[in-house]
Amino acid sequence: MSGNLTLSQKVWNAHIVHEEQGAPSLIYIDLHLVHEVTSPQAFQGLRDRGLKVRRPDLTIATTDHSIPTTDRSLPIIDPIAANQVAQLEKNCRDLGITHYGVHSSHQGIVHVIGPELGLTQPGMTVVCGDSHTATHGAVGALAFGIGTSEVENVLATQCLLQRPSKTFRVQVNGALKTGVTAKDIILALIAQIGIGGGTGCVLEYAGPAIRALDMEGRMTVCNMSIEAGARAGMIAPDDTTFQYLHGRHFAPKGADWDAAVTRWRKLPTDDGAKFDREVIINGDALEPMITWGTNPGMGVSINKPIPEPASVSDPLERESLTKALAYMGLEAGKPLAGHAVNVVFIGSCTNSRISDLRSAAEILKGRKVNPNVRVMVVPGSMEVKRQAEAEGLPEIFRAAGCDWREPGCSMCIAMNGDQLQPGQYSVSTSNRNFEGRQGKGGRTFLASPLTAAASAITGVVTDVRSLL
Ligand code: SF4
């Protein structure tokens, strides 16, 4: 690729190790993130072939999916989870990989700790055996999830066979209104283009409403790119990015920092670069969003009615809407606002960073959660937890009646015992509302931390603007 290039094309070009006409390219991987669920088979495969890890210094592991979010000094009761955690510890010890395990002060959700520690940097290629690796694209990295056999290949070679993706610019114009957040941008995009709308593409988010987001908001947007079917999501690095990264643990220091920033300033898409596809979203017109169905594309503005399946011409889509309504126990034609809620979950790699917790605390401060609602607040990392504690946020959450937990994936995926009971409804700040995602028979409404906090207080799905 040459001429005027997009951000993703520049990063791609800089990482080609070998390419051949008609075949996938071999690209170099700058950072490989590992967690306990998708790595055991890959490590075993490595052992079976008598191989070592090619670059243990570029491989970082953490434990996040299956660990309890309760007292860390207690043993893990679930034997499957305990085994996964122990296996990752052993594999990392044997193979010389840094591991932020259960008792580490850097432990956290893999997509929270990467940017937080400054491991993820502009212009890098980043992979992880996890779908939401796209999060790291917020700093201008080309970051994507890979399968278990690819994890093994990257461990063995630090390279990956890939075909280049198509380019897709999402231009978000205007400015967000009060009560509307990064989460609402990404839910609105997926509702507009559908869960397959970004298939085969790297999404590049641009425009004034994206530029105005802080880094954590940008991570929320990029995080859910996969839910639109995209390979990755990226945002061009700018002063907001550099300020965020400066001084972080693994960020370059001194003269190396200056050299890095000079290099990073060349990454944004060239004027005149062509995208394969483009959509424009009017940020001024966005409202708080909420999903009503069983995929993240089934979302609406909070006061708009749930769509009628009869209004959809495609028979397959009509059938999928009907099935989703039946699972969710909802009626089309009515808004979700006012619907009773059993659980509120504030957490996950989409919305568990300090700014997410601050915005939830702003709504909950001096108020009480509805007695019929169980509210869990789960920080994304030990660092987020420490910061929240320094700011007195847990006291606000506890005084309101919320449960303040230890960091981990928790009820995003319900692998650690934090889960919904069959039939329960949750307002969740996570990224997936598939059938049973938060527990067998559980029903999930995806929304922003503001909407989640507002719904916790009233006990029903609530437009946060009524409480501001
Ligand atoms: S928080 Fe949820 S989506 Fe994110 S890494 Fe954990 S399980 Fe995956």
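To start, this report covers the structure provided alongside it. From a predicted model like this one, the values you see are computed outputs, not experimental measurements.

Criteria and cut-off values
Numbers given for residues are sequential positions, taken from 1 along each chain in its written order. Local features in this predicted model are restricted to residues of pLDDT 70 or higher, and side-chain atom pairs are both shown and tallied only at a pLDDT of 80 or more, whereas totals for entire chains, interfaces and linings draw on every residue. Counting other C-beta atoms within 10 Å of a residue's C-beta gives its exposure: the residue is buried at 20 or more, exposed at 12 or fewer, and partly exposed in between, where C-beta atoms are placed from the backbone. Runs of E in the DSSP output that reach at least two residues are strands. Runs of H or I that reach at least four are helices, and both are numbered from the N terminus. DSSP bridges decide pairing: two strands pair if at least two such bridges lie between them. Look down the strands so they point away from you; if the path from the first strand over the helix to the second goes clockwise, the crossover is right-handed. As a rule, the C-alpha atoms of each element are fitted with a line to give its axis, helices using only the stretch in contact, and angles between N-to-C directions run from 0 to 180 degrees. Near, as applied to residues and a molecule or strand, means the residue's backbone-placed C-beta atom lies within 6 Å of it. Lys, Arg, Asp and Glu make up the charged group, whereas Ala, Val, Leu, Ile, Met, Phe, Trp, Tyr, Cys and Pro make up the nonpolar group; the residues left over, Gly among them, are polar. Source of the domain bounds: an automatic or database domain assignment. Should an angle fall under 35 degrees it is taken as roughly parallel, and over 145 as roughly antiparallel, whereas 65 to 115 is taken as roughly perpendicular and any remaining angle as oblique. The hand of a helix crossing depends on one turn: near helix anticlockwise from the far one by less than a right angle means left-handed, and clockwise means right-handed. By definition, residues are in contact whenever their C-beta atoms, placed on the basis of the backbone, come within 7 Å of each other. Throughout this description, the term nonpolar core refers to a group of buried Ala, Val, Leu, Ile, Met, Phe, Trp, Tyr and Cys residues whose C-beta atoms join them within 7 Å.

Some points on the pairing of strand β15 (residues 343–346)
Here's step 1: Side chains of β15 alternate between two faces, with Val343 and Phe345 and Val344 and Ile346 buried alike.
Here's step 2: Strand direction decides the pairing type here: β15 and strand β16 (residues 374–377), joined by four bridges, are parallel. Its bridge partner being in β16, Phe345 is matched across the sheet by Met376.
Here's step 3: Each parallel crossover has a hand, and for β15 linked through helix α12 (residues 354–364) to β16 it is right-handed.
Here's step 4: As paired elements, β15 and strand β18 (residues 425–428) share three bridges and run parallel to each other. What sits directly across from Val343, in β18, is Ser426.

Remarks on the sheet that holds strand β1 (residues 16–18)
Here's step 1: Taken in spatial order, the three strands line up as β1-β2-β8 in an open sheet, and their pairing is antiparallel. Of all strands in the sheet, those with a lone pairing partner are β1 and β8 (159–162), marking the two edges. Averaged over all pairs of adjacent strands, the angle between strand axes in this sheet comes to 40°, irrespective of strand direction.
Here's step 2: As judged from the two bridges shared by β1 and strand β2 (residues 25–28), these two strands associate in the antiparallel manner. Paired with Ile16 across the two strands is Ile27, which belongs to β2.

Comments concerning the site of the ligand
Here's step 1: As a structural note, the neighbourhood of the ligand is formed by 14 residues, with Ser348, Cys349, Cys409, Cys412 and Ile413 the closest of them.
Here's step 2: When grouped by side-chain class, the residues that make up the shell around the ligand number six nonpolar, six polar and two charged.
Here's step 3: Summarising the domain contributions, the shell around the ligand has at least three residues from each of domain 1 (7–162) and domain 3 (289–466).

Here we look at the packing of helix α2 (residues 40–48) against helix α5 (residues 148–157)
Here's step 1: One way to put it is that α2 packs onto α5 with a least axis distance of 8 Å and a crossing angle of 50°. Taken together, the axes of α2 and α5 lie oblique to each other. Here the hand of the crossing between α2 and α5 comes out right-handed. Of the residues in α5, those touching α2 at Gln41, Ala42, Gly45 and Leu46 are Thr148, Val151, Glu152, Leu155 and Ala156.
Here's step 2: Across the contact of α2 with α5, the residue classes break down as five nonpolar, three polar and one charged.

Digging into the environment of Leu325
Here's step 1: By the secondary structure assignment, Leu325 is in helix α11 (residues 315–328).
Here's step 2: With 33 residues separating them in the primary sequence, Leu325 and Trp292 have C-alpha atoms 8.0 Å apart.
Here's step 3: Beyond its immediate sequence surroundings of up to four residues, Leu325 is in contact with Leu330 and Ala332.

Overview of unusual backbone geometry
Here's step 1: The phi dihedral of Gln158 is positive, around 65°, even though this residue is not glycine.
Here's step 2: In this structure, Gln158 sits in the loop between α5 and β8.
Here's step 3: What makes Gln158 partly exposed here is the crowd of 19 C-beta atoms within 10 Å.
Here's step 4: Although it is not a glycine, Ser410 sits at a positive phi angle of roughly 55°.
Here's step 5: Looking at the secondary structure, you find Ser410 in the loop between β17 (403–404) and β18.
Here's step 6: Given 32 C-beta atoms within 10 Å, Ser410 falls into the buried group.

Focus: the nonpolar core
Here's step 1: Within the largest apolar cluster, 140 residues are counted, with the highest numbers of intra-cluster contacts made by Ile290, Val344, Leu364 and Val377.
Here's step 2: A total of nine residues in this core trace back to one element, the largest contributor, which is helix α6 (residues 182–193).
Here's step 3: Those residues in contact with Val344 that sit more than four places away from it in its chain are Val373, Val375, Ser426, Val427, Ala452, Ser455 and Ala456.

Everything listed is a geometric property; what it means functionally is a separate question.
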